[in-house]
Structures are given as structure tokens and as C-alpha cells.
Amino acid sequence: MNCFKSKRLEFSISIEDVAKKISISPYVLEDLENDNYQAIPQPFIYYCAKNYADFLDIELPKIIKRARPIV
């Protein structure tokens, strides 16, 4: 199971509640949970995943770390 989804379920919080708390569309959160990274445009994917990981207090997955935009 995806690290985002497993941690969210561990906290017993809905995607809708997370979306409201971190101001990210529930559809984007679902894509992150389903490893559907190609559906999320860059650099948006990095920031969404980073905010979600910070909210869940987990490490950002390596695949997302590689998507980090160059500033």
C-alpha cells in the first residue's frame, strides 16, 4: 500500500478532510495515493506531495524527491 494512503488510514482521516486542511484538491491527493504521478503536472507534484508528507509526518517518497523543481 502507498505510504500516503497507509498513514492517512492509520490516522483515520478522510481525503476530503486532508484536502481542506492542506488546501490541495482531493483528486490530487488520490493521485498521490494511487501512485498516479504522471497525472499531476510538475513542479506542482513536488509541492503537493511535500505538503501531504509533512501533514502526515512521513518522509517524502524517493520518486517524488527526484521530481523536485530546480530553483
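Residue positions are given per chain, counting from 1 as you read along its sequence in written order. Since the coordinates come from a predicted model, pLDDT governs what is reported: local features require at least 70, and pairs of side-chain atoms require 80 or more to be given and counted, while whole-chain, interface and lining totals use all residues. Just so you know, side-chain values use all the structure's heavy atoms and leave hydrogens and water out.

*Asks:* Would you take a moment to explain the overall build of the protein chain for this structure?
*Replies:* Here a strand is any run of E in DSSP of at least two residues, a helix any run of H or I of at least four, and the numbering for each starts at the N terminus. Per the secondary structure count, the protein chain includes five helices and zero strands. Computation of the radius of gyration draws on C-alpha atoms, with the globule rule given as 2.2 Å multiplied by the number of residues to the power 0.38. Its C-alpha atoms give the protein chain a radius of gyration of 11 Å, within 12% of the compact-globule value 11 Å for 71 residues. Judged by the C-alpha coordinates and their principal axes, the protein chain covers about 35 × 20 × 20 Å. For the protein chain, buried positions account for 41% of its 71 residues. Considering only contacts within the protein chain whose residues lie at least 6 apart along the sequence, 47% involve residues at least 24 apart. Areas reported here follow the Shrake-Rupley algorithm with a probe of radius 1.4 Å; residue values treat only the protein chains shown as occluding. Summed over all atoms, the accessible surface of the protein chain reaches about 4,600 Å², with 52% contributed by carbon and sulfur. Charge assignment: positive for Lys and Arg, negative for Asp and Glu; neither His nor the chain ends contribute. A single reference atom marks each charge: NZ on Lys, CZ on Arg, CG on Asp, CD on Glu. Each charge sign in the protein chain was given a centre, from 10 positive and 10 negative side chains, and these centres are 5 Å apart. Only protein chains enter the accessibility calculation, which uses a 1.4 Å probe; a residue whose area is less than 20% of its type maximum is buried, one above 50% is exposed, and one in between is partly exposed. Whether two residues are in contact is decided by their heavy atoms, any of which lying within 4.5 Å being enough.

*Asks:* Hey, could you run me through the pattern of salt bridges in this one?
*Replies:* Pairs may arise between side chains of opposite charge once their charged atoms sit close together. We define a salt bridge as a side-chain nitrogen of Lys or Arg found within 4 Å of a carboxyl oxygen belonging to Asp or Glu. Applying the stated criterion to the full structure yields three salt bridges. Across the pair Arg 8 and Glu 33 runs a salt bridge whose closest N-O atoms are separated by 2.5 Å. Of the two residues, Arg 8 sits in helix H1 (residues 3–10) while Glu 33 sits in helix H3 (residues 26–33), which places them 25 residues apart along the sequence. Side by side, Arg 8 and Glu 33 carry an identical accessibility label, which is buried. For the salt bridge of Asp 54 with Lys 50, the shortest nitrogen-to-oxygen distance reads 3.2 Å. Pair noted here: Asp 54 and Lys 50 are both in helix H4 (residues 44–56), with a separation of four residues, about one helical turn. Using a relative accessible area of 30% as the deciding quantity, one classes Lys 50 as partly exposed.

*Asks:* I keep staring at the packing of H1 against H4 and nothing clicks. Help me out?
*Replies:* The angle between the axes and the distance between the axes are what describe a pair of packed helices. Their axes nearest at 10 Å, the elements H1 and H4 cross at an angle of 35°. Between H1 and H4 lies a crossing whose hand is left-handed. In contact with Phe 4, Lys 7 and Arg 8 of H1, H4 contributes Ala 49, Tyr 52, Ala 53 and Leu 56. Only the stretch in contact is used when a helix axis is fitted, and all axes are lines through C-alpha atoms; the angle between N-to-C directions ranges over 0 to 180 degrees. In this scheme the handedness of a crossing depends on how the near helix is turned from the far one: anticlockwise by less than a right angle means left-handed, clockwise means right-handed.

Everything listed is a geometric property; what it means functionally is a separate question.
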